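Listed here are the chains, written in short residue letters.
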Amino acid sequence: MAISISRRKGEFQKLAIGTAGLLVVFACWSRLAENYHPLILPSPHETGKALLALWKEGSLVSNVLVTLSRTLCGCSLALFSGFALAVLTKGTTFWQALVRPILTLIQIIPPVVWTVLAVIWFGIADHVAPVFLIFVVTLPVAFVSFFSGLDSIDGQLVEMAAVYRCSRLKTITEIYLPALIPHFVSTVSVGISFAWKAAIFAEFMGSTTGVGFALSTANSNLQTEKVFAWVLVLIAVMLVCEYGLLTPLRRRAARWSA
Amino acid sequence: MAISISRRKGEFQKLAIGTAGLLVVFACWSRLAENYHPLILPSPHETGKALLALWKEGSLVSNVLVTLSRTLCGCSLALFSGFALAVLTKGTTFWQALVRPILTLIQIIPPVVWTVLAVIWFGIADHVAPVFLIFVVTLPVAFVSFFSGLDSIDGQLVEMAAVYRCSRLKTITEIYLPALIPHFVSTVSVGISFAWKAAIFAEFMGSTTGVGFALSTANSNLQTEKVFAWVLVLIAVMLVCEYGLLTPLRRRAARWSA
Amino acid sequence: EEGRKIFIQSPPTVGVLPLIWVQEQGVLPRGIDLEIIISQDHQRGLSLISSGDLDLLVTGVNVGAKAYNRGIDLQLVNTNIWGIDYLLTSGFQAESWKDLEGRTLSLPLQGGPLDFLARYFLHNHGVDLDQIDFAYLPSNNGARAFQLGRLDAIILPEPMVTITLNNYDQAVLSLDIQEEWGKLHAGEERIPFVGLFVQGGFAKENSELVDLLHQYYQEGVDWVQSHPEAAAELAAQHFGQPAALVQESLGRIHLQVYPQDEARELIELLFTEIMDYYPEMIGGRLPDGDFYF
Amino acid sequence: MRVVVLEYVGVTKEFAGDEGILQVVDDLSLTIKRGEIVALLGPSGCGKTTLLNMGAQLLKPTRGRVVCPKGTRVAYAFQEPRLLPWKTVEENIRFVQDNFLPEPLGGEIRERILVQTQLSDFRNAYPDELSGGMKQRVEIARALSIQPDLLLMDEPFKSLDPALKLELRSLLLAEHSRQQFALLLVTHDPGEAVLLADRVILLSRRPAQIRTEIALKAPQELRTLADPLLAGWLDEIHGLMVGAQ
Amino acid sequence: MRVVVLEYVGVTKEFAGDEGILQVVDDLSLTIKRGEIVALLGPSGCGKTTLLNMGAQLLKPTRGRVVCPKGTRVAYAFQEPRLLPWKTVEENIRFVQDNFLPEPLGGEIRERILVQTQLSDFRNAYPDELSGGMKQRVEIARALSIQPDLLLMDEPFKSLDPALKLELRSLLLAEHSRQQFALLLVTHDPGEAVLLADRVILLSRRPAQIRTEIALKAPQELRTLADPLLAGWLDEIHGLMVGAQ
Ligand SMILES: Nc1ncnc2c1ncn2[C@@H]1O[C@H](COP(=O)(O)OP(=O)(O)OP(=O)(O)O)[C@@H](O)[C@H]1O
Ligand SMILES: Nc1ncnc2c1ncn2[C@@H]1O[C@H](COP(=O)(O)OP(=O)(O)OP(=O)(O)O)[C@@H](O)[C@H]1O
Ligand SMILES: [Mg+2]
Ligand SMILES: [Mg+2]
């Protein structure tokens, strides 16, 4: 009991400090905005108004949902394939020799080119192209991270599992996966923010729905306060994701890294 | 002797497989390109011609150098600050509570907003804005990766160092750093490719020099073969970086992860 | 004369060719130099204008008007591009806007000038907007998708039109946007697209210099019209577009400077129509007299 | 004739290091049959763990063969405990039990062994909450709990107090008479060897070769170190190990 | 009067786990003076390592104090070897030596200890190329090589064959008479305790309390287990440890 109270107190303190930090950033923004024209740098007040307008319009929720679903789809695909590829390439030199250069290639090709290819392959299909771009951008990151995670796995435990005749699957799920969990969490955290950004970009380039499209439209139409309002939305979504999903995950993962 | 020969043979084999894989990709490209107009998907041949033209023009080398120097500058700044911040926040709850949300914020804010801020802060300076963007994009990645690396450090060794009165500095350089090396290499590898992409993007958005600018010009002029030629250049640069810098680093790092 | 540099930002459009010509001719008074920055980023241009880092800006007339109405200190020196956009169709000839019913039409920017024009025409030709499948894609990706046969129609600016016509044999140049505007406005086929703007403070302090620049600009326009080949060469150098292509596209671009009063009338004609559709696009009202230099 | 459970045939093992090749085992042959208890003694670093690792198929011999018939259920109590840090004591044991035994039976065995290794109070503790000797006991408990055919143990009773050693020796013998597994036991304690083994094998310095092999006939349950015969063997082994090697 | 090097004053230690609080040390007081050798014996899991960790200031007592005068040079041979995997044997030792000794001197000492622990052939080997006993010896060598004022050792001679144990015991005594450090030695081997210690302390089951303390007067160099006095003590301790606890 005593512990859980003091732990909660610590959490509260942390939250307070974090909030204070963010408030300082906010104040800086307010201050900076005073010196600039709203078209250049809108103030929090103007941004708030724009945000409210978006909310009333109803475009806020629908766009966020569209982008979120695309992100989740592309990101989970990428995380899954990244993990599978990492396990595969870790196992055999052949696959490693084959897969690594191709992934390096995928990583190097800039998103612009992917959008060109996406137009060729998927036409103007509204959903496929962004999901594809998210996948393609997130995959190498997931792969590299998982791969380096696999390096850190305790070979002695794997030997133990081999002696005691654990199946390949069991070894993966019960030793590789748990050992990867801390890695996994950091990968997921980087991967999601990556995928989210890629989604924005993809919608920016070749879609007619989603936050990215709205953001780009606002940007091209010089509606700077709308741009900032969308950014606040992005921040809110990612903060929810960070503190609602990743932080609890991270806390759980602490168990494994013990 | 025998070992080093067989190791070299293994390396050669790996290289062969990798090259074969890339050749297959190349062949697919060739094949695919046959069905499309060069404006949509140029063939390797047309791309090669465009590349040659770029080389003759002289814009190739100069643009690559500009982009490379920006990347190195922004990336090393980000890696250094990321490491410092990770060590700092690992040490004290206060800093962690303060820095994490701000970095999350930095990570979420889309490049569009950064370019707005960069214009405000740096005016028409052509170099500062891309370097800034690279820094800002790479920093959270570096931080997250280093931070999770610090998690994986063996607390027992740190205790040992404490008993034997190793200074804080010695503990960092002789235990933390070596233990981080495998992590470090993967961070550097992700970081560089990240920074390189950010550089392209930054130049794409708001610069009048560099590969990104050239790429964006070619793209908006629908000179697809030029776009692909630039992509080949990007690939070449990153391959040199991968096999000239990162792979040797990785091989060295294997010693530490033993 | 004091040695100073005049900073100009412009997207890669023929509207800046006269200025490049002026720069290369070296006709300006001693010690005055033009520094021309080619950039697509209007936002950046306006930021730099408002912070005083930039003196002149070539951008859309509606963009300038919006900035002006929102309180950014700039003035329109002249309007230079009056015609540049066309409707292309894929594999069929659209005789009128009615023919687009049930088709996919690609436009570059929702809430932008072409979006307005398309909707304006469709509406005025009695087309039910719900019958049109709008696809908002950046021009380059739009053009690519069009050439892959994935779109039925697209409105493109030059030189994208020329590129597409040259490379996609299904492409049909169906409608001239400027002509269409004329059909609805008593034959007036001029649409004010691109203008040259000056930073307000700079204009006040250097009104003679701006006049001079305007004068030279006009000469530059004449030069471009009389030397299409050389002008195309200049574009090739500065925007990286093939000279032959630019030269070909010049034939479909209406580059001209008209007296300010005449221009103002045309601008207000356009803006009045815009007010019914996207008032936001020009900042919610017609700009007042101080907008015009 | 009893079944051969593990057989080393002319086994040589070399490690390639930075400074050349290190020979660790030299042409060693050894056969272990069902129900046999073989103790391996030898100087530190002579190659005992390497032998066990080859027996468990974790290492391949450089020359020769290590044969373990298909289907032999092998358990290995490692020299340094290898426990999954994210599983509790009980989960760690169950983790390997599940591969061999159906649950109600596995649970009973686990229960019995947890009690006998004095771990039942700590069944829900994670390895980082255990003392060195407790981890050692989990290692032993895990190995016994799968009812192996072949049990490899690398100094299983280190880090344990004499009373516990005594008890665990009885536990081991009790399980042995119940299941008749073959046991290959590495130890540094000659007393342990003579109390437990049917055959005591003394290894030479690195590279390991068999120096002496002593067969002990008396039933283990009746052995005590007070027995003059055993005391004699003990002295001899001790002399061999401490004297000129 | 000799200087106090380490003092436990009414120390209680509790660990908070998922299932409540576990008391490991209960109001224990103990003073160790310069030159003294104190052996700690007790059941597995009773709290010995915890006591050493508090002595090394790695853990704080829940109640009471652990006092170690400022400037005391502490060496700790851990129960499980803690070697830097990316450093060779020699580098691992030098890593801690550099904190205390200037190089020519440090090098001499290192050299001597490497030879005496039979590690000199493996000075350039990395920890993952060593056997269990060899790692154990590196741990001991490292601890001795800094010429400590206080030496904490947690079962240092496990995983070693009897001959090597003998030799390392002499080495330890030789270094002790040279440097007169205070030694707090955890062991499970009563023989080791009576051969080495000035005071043997028997701990109770968890939570650890001092059960019996036996003072041994004879100079260590002259002691053998054949000595009836020592044999008597040994029997007594053995009885205490194995009998009713
Ligand atoms: N970090 C910890 N968290 C919870 N419990 C712990 C922790 N460390 C030790 N313990 C518990 O404290 C008790 C004493 O542990 P300690 O390591 O001191 O025993 P020990 O006397 O050294 O035993 P051994 O001879 O087996 O090494 C054990 O019951 C152990 O489970
Ligand atoms: N992976 C390895 N690479 C190189 N040398 C190794 C490796 N593993 C073991 N050795 C060497 O092989 C020899 C035998 O090691 P092994 O672990 O079998 O000894 P051991 O008999 O078990 O010793 P101990 O009783 O100390 O545990 C040692 O000299 C050791 O240095
Ligand atoms: Mg061993
Ligand atoms: Mg202990």
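Residues numbered from 1 in each chain as written. Chains lettered and ligands numbered in written order. Predicted model: local features only at pLDDT ≥ 70, side-chain atom pairs only at ≥ 80, totals over all residues. Heavy atoms only, no water.

Some points on the site of ligand 2
Argument step 1. Taken together, 22 residues lie near ligand 2, and T49(D), T50(D), E129(E), S131(E) and G133(E) sit nearest.
Argument step 2. Backbone polar atom of G47(D) to an oxygen atom of ligand 2: 2.8 Å apart, as the coordinates give it.
Argument step 3. In the model, an oxygen atom of ligand 2 is placed 2.6 Å from a nitrogen or oxygen of the E129(E) main chain.
Argument step 4. Across the complex, the protein chains shield 88% of the 630 Å² of accessible surface that ligand 2 would expose by itself.
Argument step 5. Every element with two or more residues in the shell around ligand 2 is listed here: β2 (20-33) and α1 (48-55) of chain D together with α4 (132-145) of chain E. (Near = heavy atom within 4 Å. Polar contact = N/O pair within 3.5 Å; in protein donor to acceptor, adjacent residues only side chain to side chain. Areas by Shrake-Rupley, 256 points an atom, 1.4 Å probe, with all protein chains shown as cover. Helix = DSSP H or I, 4+ residues; strand = E, 2+ residues; numbered from the N terminus.)

Notes on the coordination of the magnesium ion (ligand 4)
Residue and element names in this part refer to chain E.
Argument step 1. Distances from the magnesium ion (ligand 4) to its protein donors, T49 (OG1) and Q79 (OE1), fall at 1.8 to 2.3 Å. Of this pair, T49 sits in helix α1 (residues 48-55) while Q79 sits in the loop between β5 (74-77) and α2 (89-97), and the two are 30 residues apart along the sequence.
Argument step 2. Take Q79: its relative accessible area is 11%, and that puts it in the buried class. (Donors = N, O, S within 2.8 Å, 3.2 Å for Na, K, Ca; no water. Buried < 20%, exposed > 50% of the residue type's maximum accessible area, 1.4 Å probe, protein only.)

Some details on the pairing of strand β6 (residues 150-154) of chain D
Residue and element names in this part refer to chain D.
Argument step 1. With five of five residues buried, β6 lies mostly within the body of the structure.
Argument step 2. Every second residue of β6 is oriented toward a common face, with L150, L152 and D154 on one face and L151 and M153 on the other, all of them buried.
Argument step 3. The sheet contact formed by β6 and strand β7 (residues 182-186) spans five bridges and is parallel. Bridge pairing in β7 places L152 opposite L184.
Argument step 4. Read from β6 through helix α5 (residues 162-179) to β7, the crossover connection turns out right-handed. (Pairing = 2+ DSSP bridges. Right-handed = clockwise from strand over helix to strand, strands pointing away.)

Regarding the pattern of salt bridges
Argument step 1. If you walk through the whole model with that rule in mind, you get 42 salt bridges over all chains.
Argument step 2. Residue E268(C) is joined to R264(C) by a salt bridge in which the shortest nitrogen-to-oxygen separation is 3.0 Å. With a gap of four residues between them, E268(C) and R264(C) both fall in helix α12 (residues 260-277), about one helical turn apart.
Argument step 3. The class for E268(C) is partly exposed, based on a relative accessible area of 22%.
Argument step 4. A salt bridge links E103(E) to R94(E); the shortest N-O distance between them is 3.7 Å.
Argument step 5. For E103(E), a relative accessible area of 27% translates into the label partly exposed.
Argument step 6. Connected through shared salt-bridge partners, E90(D), R94(D), D98(D), E103(D), R110(D), E111(D) and R123(D) make up one network. (Salt bridge = Lys/Arg side-chain N within 4 Å of Asp/Glu carboxyl O.)

Quick word on the site of ligand 1
Argument step 1. Close to ligand 1 lie 22 residues, the nearest being E129(D), S131(D), G133(D), T49(E) and T50(E).
Argument step 2. The local environment of ligand 1 is shared, drawing residues from chains D and E.
Argument step 3. A distance of 2.6 Å is found between an oxygen atom of ligand 1 and a side-chain nitrogen or oxygen belonging to S131(D).
Argument step 4. Here an oxygen atom of ligand 1 sits 2.7 Å away from a polar atom, N or O, in the main chain of K48(E).
Argument step 5. Within the residue set of the shell around ligand 1, elements represented by two or more residues are α4 (132-145) of chain D together with β2 (20-33) and α1 of chain E.
Argument step 6. Along the lines of polarity and charge, the residues of the shell around ligand 1 split into seven nonpolar, eleven polar and four charged. (Nonpolar A, V, L, I, M, F, W, Y, C, P; charged D, E, K, R; others polar.)

Re helix α10 (residues 228-239) of chain C
Argument step 1. In a regular helix each residue adds 1.5 Å, so twelve residues correspond to 16 Å; α10(C) covers 16 Å between its end C-alpha atoms and thus fits that length.
Argument step 2. Elements that come into contact with the buried residues of α10(C) comprise α9 (210-220) of chain B together with α1 (17-25), β2 (32-38), α9 (207-226) and α11 (243-250) of chain C.
Argument step 3. A positive backbone phi angle near 75° is found at G240(C), which sits one or two residues after α10(C). (Expected span 1.5 Å × (residues − 1). Contact = heavy atoms within 4.5 Å.)

Considerations on the domain arrangement of chain D
Residue and element names in this part refer to chain D.
Argument step 1. Along its sequence, chain D is carved into domain 1 (4-73 + 150-244) and domain 2 (84-147).
Argument step 2. Distance from the C-alpha centre of domain 1 to the C-alpha centre of domain 2: 24 Å.
Argument step 3. Taken residue by residue, the interface counts 18 residues in domain 1 and 16 residues in domain 2.
Argument step 4. Surface buried jointly by domain 1 and domain 2 totals about 1500 Å² across both partners, of which 62% is contributed by carbon and sulfur atoms.
Argument step 5. Counting across the interface, domain 1 meets domain 2 through one salt bridge. (Domains from an automatic or database assignment. Buried area = accessible area lost by both parts, 1.4 Å probe.)

Some thoughts on the sheet that holds strand β9 (residues 210-215) of chain D
Strand pairing in a sheet takes place through backbone hydrogen bonds and is either antiparallel or parallel in direction.
Residues and elements named next belong to chain D.
Argument step 1. With mixed pairing, six strands are arranged side by side in an open sheet as β5-β6-β7-β3-β8-β9. In this open sheet, the two strands that pair with only one neighbour each are β5 (74-77) and β9. When the angles between neighbouring strand axes are averaged without regard to direction, this sheet yields 15°.
Argument step 2. By the bridge criterion, four bridges tie β5 to β6 in an arrangement that is parallel. Each residue of the ladder has a partner; that of Y76, found in β6, is L152.
Argument step 3. The strands touched by α4 are β5 and β6; relative to β5, the strand with the most contacts, the crossing angle is about 175°.
Argument step 4. Against the sheet, helix α7 (residues 228-242) engages β3 (37-41), β8 (199-203) and β9, with an angle of about 175° to β9. (Axes fitted to C-alpha atoms, helices over the stretch in contact; angles between N-to-C directions.)

Regarding the pairing of β3(D)
Residue and element names in this part refer to chain D.
Argument step 1. Burial analysis of β3 places five of its five residues in the buried class, the great majority of the element.
Argument step 2. Here β3 pairs with β7 via four bridges, running parallel. Residue pairing for β7: L40 is matched across the bridge by V186.
Argument step 3. In this sheet, β8 lies alongside β3 in parallel orientation, the contact comprising four bridges. Note on β8: the bridge partner recorded for A39 is V200.

So, the packing of aromatic side chains
Argument step 1. Considering all chains together, one arrives at 27 aromatic pairs over all chains under this definition.
Argument step 2. Plain terms: the ring middles of F291(C) and Y292(C) are 5.0 Å apart, the flat faces sit at 75° to each other, and that makes the pair edge-to-face.
Argument step 3. Accessibility expressed as a relative area gives 0% for F291(C), which makes it buried.
Argument step 4. Ring pairs connect the aromatic residues W97(C), F116(C), Y120(C), F121(C), W181(C) and Y277(C), which therefore count as one cluster.
Argument step 5. Sitting over the ring of F95(D), K170(A) keeps its end group 4.7 Å from the ring centre.
Argument step 6. Above the ring of F15(D), the side-chain terminus of K13(D) is found at 5.3 Å from the ring centroid. (Phe/Tyr/Trp six-rings, centres within 6.5 Å; stacked < 30°, edge-to-face > 60°. Lys NZ or Arg CZ within 6 Å of the ring centre and 35° of its normal.)

A closer look at the relation of the copies chain B and chain A
Argument step 1. If you rotate chain B by 180° and push it 0.1 Å along the axis, it lands on chain A with an RMSD of 0.4 Å. As the rotation angle and translation indicate, the two copies are arranged about a two-fold axis.
Argument step 2. Of all interface residues in chain B, 100% are interface residues in chain A too; the two copies therefore contact each other through one and the same surface. (Least-squares fit on C-alpha atoms with pLDDT ≥ 70 in both.)

Points about the coordination of the magnesium ion (ligand 3)
Argument step 1. Those protein atoms acting as donors to the magnesium ion (ligand 3) are T49(D) (OG1) and Q79(D) (OE1), and they sit at 1.9 to 2.3 Å.
Argument step 2. For T49(D), a relative accessible area of 24% corresponds to the partly exposed category.

With respect to the interface of chain C and chain A
Argument step 1. Counting residues at the interface gives 26 residues for chain C, matched by 25 residues for chain A.
Argument step 2. When the two sides are added together, the surface that chain C and chain A hide from each other amounts to roughly 2100 Å², 62% of it contributed by carbon and sulfur.
Argument step 3. Together, Q43(C), R70(C) and R150(C) form the three largest contributors to the area buried by chain C at its contact with chain A, with a combined 27%.
Argument step 4. Between chain C and chain A we count one salt bridge in total.
Argument step 5. With a closest N to O distance of 3.3 Å, R70(C) and E225(A) form a salt bridge.
Argument step 6. In this assembly, chain C and chain A are joined by five residue pairs in polar contact (both at pLDDT 80 or more).
Argument step 7. Top contributing element to the side of chain C that touches chain A by residue count: helix α2 (residues 42-51) of chain C, with four residues.
Argument step 8. Per-class residue counts for the side of chain C that touches chain A are twelve nonpolar, nine polar and five charged.

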